[in-house]
Amino acid sequence: MTDLLELDGVSRRFGGLLAVDNVSFRLKGEGITALVGPNGAGKTTCFNLIAGALPPTQGSIRFRGEIVTGFPAEDICRIGIGRTFQVVRPMRDMTVLENVMIGAFSWTRKVSEARDAAREALDMVGLGPKADAAISKLTLPDRKMLETAKALSTRPRLLLLDEVMAGLRPPEAAAVVAVLRRLAERGLSILLVEHVMRIVMEAAEHVIVLHHGAKIAEGTPRYIVSHPEVVAGYLGEGFRA
Amino acid sequence: MQKKRDALPDRGAVIGCLAAFAVLAMLGGVLNPHLISLLTIVFLFTFIGQSWSIMLGLGGQLSIGHALFVGIGAYSVAVLNIRYGLSPWFGLVVGMALAAIVGATLAWLSFRFEVRGIYFALLTIAAAEFARVVFSGWEFVGAMEGLFFPAHSGPNSFWMLRGDARFYYFVSLAAVLLGVSATALIRQSFLGYVWRAMRDDEDASRALGVRTFLHKILVVSFSGAWAAIGGGLLALVQGSVFPDSIMGMGISVDILVGPIVGGLGTAFGPLIGTLITLPLDHLASAIGNKFGIPGLNNVGYGLVLIAAVWLLPDGIWPAIVNSAKSITRFSWFGNLQMEQVKK
C-alpha cells in the first residue's frame, strides 16, 4: 500500500539559512504523528512546505502516491490536506458557523450543504453550541478548536495541526487531545506540530524529531525519549531520569 | 441574536423592500420634472455604486477607476445605437461583455504579478485615465466632440429604451431594485461567503481551498460588467457621451461616495448613501454658482465624507439596522444588512 504522505529529501532555504535540511519521512493512513523539535528547528517551515504555503527548494512531496510538490495552498486543501494556523486566523466579521462553512465550499457550492457540514465539524470539536456566536466571544481554546473545525470542514484525509495546544492550560490541552483521538479513530491521519513533549507523549503514536532543520530521530514516543541524540539536542539530560 | 443572518430573506424583509420601492415608484408619478431627473441620476449612481460596493465590500478589491467600466458601457450603447441604429439592449449586452473582459484582463495582469491592495487601486485609475485619453483622440467614437443621441420624440419605447424623463425614472428605479436583489442574493450564495473570507484573510482562505486568484478576477470582472450596464443607461439619460464626463476621475469618485456613506457591501447602503450625497452635491453646486463660489460642492463632499467616516464608520445603513435591532428586534432587517466592513 502506498503511504498517505511521503517526503523525500525535502529542503527549504531562506537566503543563507537552511531551514529544512533534507528531510524524509512517511505517514501511514491513520493515527496521530507528532513533529517535534526545539524552537527554530524547522517544524513550522516543514509544515508550510507540506501545506503548500511555501514551495520546497529541493526534494519531493507525495500525497497518496502523487507528486504534489509546489502545489498552491488551495490545491493542497482540495486534494485532502487540511491545515490550521499557529496564530489563529478567524474571519472576524463572520460568525463561528460561517467561518467553518468556508472550508466546506471547497467541495460544495450549496449553502445548505455547507451549513450542515459546518455544524457537523463544529460538533466534532465540541463547538456545536457556539455555532452562532461572534468570533470576539470565543476563548483561546475555543479559537484553537475553531481552527481545527475549519480545517475539518474541508473533508481532509490528512489533518495538519500547527501547535493547537500552545498556550492552553493542561485540562484544556487534555480536552483537545481527546478530540484528536476521536478524529483519528474516525480514520483521519493527523500530523501534529508541537513542542510540549508531555502532550506529544500522551497524544502521538509516532514521533519525528527535527533539529537544526534535519530529522534526527523517528519512532514511538517511548523510543524517542530514550534516543541519545534527542535527549542531548532537545530534551536535555534531565529528561532521562 | 443573529441566528438568521445566513438564512434566505424572510417574508418581512421582502415586503419591507418592496414597500420602499412602491413608495419610490409612486413618487415617480407625482414629483416635478426637476426632482424626477435628479432622482434618476441618483438611481443610476446607486446602481453603479452597488457594483463598486460588491467589489470592495465583498471582494475586498478597491477600484478608483470604475469610470473605465461605466465608459465602456456608455460607449457601447452610444456607438451601436448612433452609428448602426441598433437597440440599446444590444449595446448593454456588448458593453457588459467588453467590461467583463477588460476587468478580467486588468485583474489577471495585476494579481498575476502580485499587485494588490492600494497598488491595484492605482492601476485602476491608470487604466481609466488611459481609456479616457484613447477615447479623446479616437474619431470613430467622436473623440473630444463626443456622440449625441438623436432627440427622442413620440411614445416611450421599451425596445429602443427611449422615452421621456419619467420613463427613465422608472427604468433606473428598476435597475436599483435589480441591484438590491442581486446584492442580497450574492451575499447569501457561496460566492458571498467565499468573497468575504477572501476579503478578510487571503492566505487563510486559500488554506481552506478558496481559489483566491480566480475569485479576485471574477469579482472585478463581475463588478465591471455590472457598472457597464449603469454606464449604458447613464449615456441614454444624458443623451450624449464625452470622454471627460463619462470616463473622467470625477465619475470614479462620484461612484464611491454613496456606498461609503451608506454602508459598504450592504444591499441598501449604496441607495441610502447616494440619496443623501448626490442631492447634497447638486445643492451645494447650485449655492456655489449663485454666490460665485465654484467648487463648493467638492467642499460639501469632503465634509460629508469626513462626517460619515467619523460618526458612522460602517455607514448609515448598518447604523440604522443596528439601532432598529436593539429597539424593536426587527430581526428581518438583519438579513438585508451586511456586517460591518473592516478597514
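Further up the page is the structure itself.
Q: Tell me about the overall build of chain B, and please be specific about residues and values.
A: If you tally the helices and strands in chain B, you get 15 helices and two strands. Over its C-alpha atoms chain B spans a radius of gyration of 20 Å, differing by no more than 12% from the 20 Å that the globule rule assigns to 343 residues. For chain B, the C-alpha atoms occupy an extent of roughly 55 × 50 × 45 Å along the three principal directions. Considering chain B as a whole, with its 343 residues, one finds that 54% of them fall into the buried category. The long-range share in chain B, meaning contacts at least 24 apart out of those at least 6 apart in sequence, stands at 77%. With 21 positive and 16 negative side-chain charges, chain B shows a separation of 9 Å between the mean positions of the two kinds.

Q: Explain the pairing of strand β10 (residues 214-219) of chain A residue by residue, including any values.
A: Residue and element names in this part refer to chain A. Strand direction decides the pairing type here: strand β9 (residues 206-211) and β10, joined by five bridges, are antiparallel. Within β10, the residue paired with V209 across the bridge is A217. Between the antiparallel neighbours β9 and β10 lie two residues, among them H212 with a positive phi of about 50 degrees.

Q: So what's going on with the interface of chain A and chain B? Residues and values would help.
A: The interface of chain A with chain B comprises 29 residues on the first partner and 26 residues on the second. Counting the surface lost from both chain A and chain B, the interface buries some 2,500 Å², and carbon and sulfur atoms represent 58% of this. Considering only the surface of chain A that becomes buried against chain B, E74, M91 and D93 of chain A emerge as the three largest contributors, covering 26% of it. Between the two partners, chain A and chain B, sit four salt bridges. D201 of chain B is the salt-bridge partner of R89 of chain A, the closest N and O atoms lying 2.9 Å from each other. Counting the contacts that link chain A with chain B gives four residue pairs in polar contact (both at pLDDT 80 or more). Elements with a minimum of two residues in the side of chain A that touches chain B: α2 (73-78), α3 (96-104), α4 (111-124) and α5 (140-152) of chain A.

Q: Any details on the side chain of H227 of chain A? Residues and values, ideally.
A: Residue and element names in this part refer to chain A. Relative to the helices and strands, H227 is located in the loop between α8 (221-225) and α9 (228-235). Its relative accessible area of 12% is what places H227 among the buried residues. Among residues more than four places away in sequence, those in contact with H227 are I216 and A217.

Q: With reference to specific residues and values, describe the sheet that holds β10 of chain A.
A: All names here are of chain A. Spatially, the six strands line up as an open sheet ordered β6-β7-β8-β3-β9-β10, and their pairing is mixed. Edge positions in the sheet fall to β6 (81-83) and β10, since each of these pairs with one other strand and no more. Averaged over all pairs of adjacent strands, the angle between their axes in this sheet comes to 20 degrees, without regard to strand direction. Of the strand pairs in this sheet, strand β7 (residues 158-162) and strand β8 (residues 189-193) are connected by five bridges, and their pairing is parallel. Pairing of L161 across the sheet is with L192, part of β8. Sitting on the sheet, helix α1 (residues 43-51) touches β3 (31-36), β6, β7, β8 and β9, and the angle it makes with β7 is about 150 degrees.

Q: Tell me what's going on with the packing of helix α6 (residues 165-188) of chain B against helix α9 (residues 212-238) of chain B, and back it up with residues and numbers.
A: All names here are of chain B. With their axes 11 Å apart at the nearest point, α6 and α9 run at an angle of 170 degrees to one another. Taken as axis vectors, α6 and α9 run roughly antiparallel relative to one another. Seen from α6, the contacting residues are Y168, V171, A175, G179, A182, T183 and I186; seen from α9, they are F222, W226, L233, L236 and V237. Considering only residue class, the contact of α6 with α9 consists of ten nonpolar, two polar and no charged.

Q: Explain the nonpolar core to me, using residue names and the numbers behind them.
A: Among the nonpolar cores identified, the biggest contains 152 residues, and M165 and L192 of chain A are the most heavily contacted of them. Of all the elements, helix α2 (residues 33-58) of chain B adds the most residues to this core, at 15 residues. The contact partners of M165 of chain A, leaving out residues within four places of it in the chain, are A173, V176, V177, L180, L192, E194 and I199 of chain A. L27, L35, A41 and I76 of chain A belong to the second-largest nonpolar core, a separate cluster that totals 26 residues.

Q: I'd like a description of the sheet that holds strand β5 (residues 66-67) of chain A, backed by residues and values.
A: Strands in a sheet are paired, the pairing made by backbone hydrogen bonds, and the direction either parallel or antiparallel. Residues and elements named next belong to chain A. In spatial order, the strands read β2-β1-β4-β5; together these four strands make up an open sheet with antiparallel pairing. Each edge of the sheet is formed by a strand with only one pairing partner; in this case those strands are β2 (17-27) and β5. Judged from the two bridges that link them, strand β4 (residues 58-63) and β5 form a sheet pairing that is antiparallel. Across the sheet, the residue bridging to F63 is E66, located in β5. The strands touched by α1 are β1 (5-14), β2 and β4; relative to β1, the strand with the most contacts, the crossing angle is about 120 degrees.

Q: Report on the packing of helix α3 (residues 67-83) of chain B against helix α4 (residues 88-112) of chain B, specifying residues and quantitative values.
A: All names here are of chain B. Running from amino to carboxyl end, α3 crosses α4 at an angle of 145 degrees, the nearest separation of the two axes being 8 Å. Seen from above, α3 lies across α4 with right-handed handedness. Within the contact between the two elements, α3 uses L68, F69, I72, G73, S76, V77, L80 and N81 and α4 uses P88, F90, G91, L92, V94, G95, L98, A99, V102 and G103. Residues of the contact of α3 with α4, tallied by class, amount to twelve nonpolar, six polar and no charged.

Q: Describe α4 of chain A, with residues and values.
A: Its 14 residues give α4 of chain A an end-to-end C-alpha distance of 20 Å, which sits within 8% of 20 Å, the value for a rise of 1.5 Å per residue. Looking only at α4 of chain A, the buried set comprises V111, A114, R115, A117, A118, A121, L122 and M124 of chain A. For α4 of chain A, the secondary structure elements touched by its buried residues are α3, α5 and α6 (170-185) of chain A together with α6 and α7 (190-200) of chain B. A positive backbone phi angle near 80 degrees is found at G126 of chain A, which sits one or two residues after α4 of chain A.

Q: Tell me about the pattern of salt bridges, and name the residues and values.
A: Applying the stated criterion across every chain yields a total of 18 salt bridges over all chains. Measuring nitrogen to oxygen at the nearest pair gives 2.7 Å for the salt bridge that ties E172 of chain A to R169 of chain A.

Q: Describe in detail the pairing of β7 of chain A, supporting the description with residues and values.
A: Consecutive side chains along a regular strand alternate between the two faces of the sheet. Residue and element names in this part refer to chain A. In terms of burial, β7 is largely enclosed, as five of its five residues are buried. Burial along β7 is two-sided: the face carrying L158, L160 and D162 and the face carrying L159 and L161 are both buried. As paired strands, β6 and β7 are joined by three bridges and run parallel to one another. In the sheet register, I81 faces β7, and the bridge partner there is L158. The parallel pair β7 and β8, bridged by α6, forms a crossover whose chirality is right-handed.

Q: Tell me about the packing of aromatic side chains, and please be specific about residues and values.
A: Scanning all chains against the criterion turns up 16 aromatic pairs over all chains. Between Y75 of chain B and F135 of chain B, the aromatic rings sit 4.5 Å apart at their centres with planes inclined by 50 degrees, giving tilted as the arrangement. Highlighted residues: Y75 of chain B in helix α3 and F135 of chain B in helix α5 (residues 117-136), separated in sequence by 60 residues. Y75 of chain B gets classed as buried once you look at its relative accessible area, which sits at 3%. Residue classification places F135 of chain B among the buried positions, given a relative accessible area of 13%. When the centroid spacing of 6.2 Å and the interplanar angle of 55 degrees are considered together, the rings of W195 of chain B and F222 of chain B count as tilted. You can see W195 of chain B sitting in helix α7 and its partner F222 of chain B sitting in helix α9, a full 27 residues away along the chain. Among the aromatic residues, those joined into a ring-pair cluster are F47, W195, F222 and W226 of chain B. R83 of chain A extends its terminal NZ or CZ atom over the ring of F85 of chain A, reaching a point 4.0 Å from the ring centre.

What counts, and at which threshold
- Residues numbered from 1 in each chain as written.
- Chains lettered and ligands numbered in written order.
- Predicted model: local features only at pLDDT ≥ 70, side-chain atom pairs only at ≥ 80, totals over all residues.
- Heavy atoms only, no water.
- Helix = DSSP H or I, 4+ residues; strand = E, 2+ residues; numbered from the N terminus.
- Rg over C-alpha atoms; globule rule 2.2 N^0.38 Å.
- Buried < 20%, exposed > 50% of the residue type's maximum accessible area, 1.4 Å probe, protein only.
- Contact = heavy atoms within 4.5 Å.
- Lys, Arg positive; Asp, Glu negative; His and termini not counted.
- Charge placed at Lys NZ, Arg CZ, Asp CG, Glu CD.
- Pairing = 2+ DSSP bridges.
- Buried area = accessible area lost by both parts, 1.4 Å probe.
- Salt bridge = Lys/Arg side-chain N within 4 Å of Asp/Glu carboxyl O.
- Polar contact = N/O pair within 3.5 Å; in protein donor to acceptor, adjacent residues only side chain to side chain.
- Axes fitted to C-alpha atoms, helices over the stretch in contact; angles between N-to-C directions.
- Parallel < 35°, antiparallel > 145°, perpendicular 65-115°, else oblique.
- Nonpolar A, V, L, I, M, F, W, Y, C, P; charged D, E, K, R; others polar.
- Core = buried A, V, L, I, M, F, W, Y, C linked by side-chain atoms within 4.5 Å.
- Left-handed = near helix turned anticlockwise from the far one by under 90°.
- Expected span 1.5 Å × (residues − 1).
- Right-handed = clockwise from strand over helix to strand, strands pointing away.
- Phe/Tyr/Trp six-rings, centres within 6.5 Å; stacked < 30°, edge-to-face > 60°.
- Lys NZ or Arg CZ within 6 Å of the ring centre and 35° of its normal.

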